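# Structural overview
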Amino acid sequence: MKRVVILGRGASGKSTLARRLGEITRVPVIELDKLFWLPGLVATPRDQWALVQQNLVAEGRWIMDGDLGPYDVIEVRLRPADTIILLDFSLVRCAWRAVRRSRERADFWRWLLAYRRQSRPILMQTIANHAPSAELRVLRHPAALRRFVAEVARESRS
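Residues numbered from 1 in each chain as written. Predicted model: local features only at pLDDT ≥ 70, side-chain atom pairs only at ≥ 80, totals over all residues. Heavy atoms only, no water.

Below, the discussion takes up the nonpolar core. The biggest cluster of nonpolar side chains holds 49 residues, and the ones touching the most others in it are Ile6, Leu7, Ile84 and Ile85. The contacts of Ile84, once residues within four sequence positions are left out, are Val5, Leu7, Leu78, Ile127, Ala131, Ala134, Glu135, Leu136 and Arg137. (Core = buried A, V, L, I, M, F, W, Y, C linked by side-chain atoms within 4.5 Å. Buried < 20%, exposed > 50% of the residue type's maximum accessible area, 1.4 Å probe, protein only. Contact = heavy atoms within 4.5 Å.)

As structure tokens, this is what we get:
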């Protein structure tokens, strides 16, 4: 795990997982939301976002967390990834977490609600097309996530 992409529905815990994996593996963490959203929650233009990501993936080791849905140019970071983690938690879990963490815009809620039906199939096809040799881990429950983190911790100690 030297080039890791963490994806998933909004409020699924991508950033929390990235920080934890970064602590365990000592691989630098890049939180894409902080780089993508301009002041006033304005999206970075697609061509500019692709260039930003090209510069980021040029580094040898990284953990990038973020799923920017319809705004994203995800293939730029998928191509060099050796590991892709998809947090595929339920709508109820993610909606509850989103309500607890902050006020979200209407476009966030539309994306959250439609994620499994619209975004996820496109995402899975994009992974298949642009990262066929990467290890894909789809984690559907918090218990599976805990087991995965414990496994990474064990492997990093050995």
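Read on, since the account is not over.
Here the largest pocket is characterised by a volume of approximately 720 Å³. Among the elements of the structure, helix 1 (14-25), helix 5 (91-101) and helix 6 (106-130) are those that each provide at least two residues to the lining of the largest pocket. With four residues, the top contributor of residues to the lining of the largest pocket is helix 6. Partitioned by chemical class, the residues of the lining of the largest pocket number eight nonpolar, seven polar and 13 charged. Of the volumes computed, that of the second largest pocket is approximately 310 Å³. Taken together, 16 residues make up the lining of the second largest pocket; nearest its centre are Gly69, Pro70, Ser119, Ile122 and Leu123. The biggest single contributor to the lining of the second largest pocket is helix 6, with eight residues. Of the residues assigned to the lining of the second largest pocket, the class counts are eight nonpolar, four polar and four charged. (1 Å grid on protein atoms, 1.4 Å probe; cavity = no way out; pocket = protein on both sides within 12 Å on 5 of 7 lines; lining within 4 Å. Points joined across faces, edges and corners; volume = space filled by probe spheres on them. Helix = DSSP H or I, 4+ residues; strand = E, 2+ residues; numbered from the N terminus. Nonpolar A, V, L, I, M, F, W, Y, C, P; charged D, E, K, R; others polar.)

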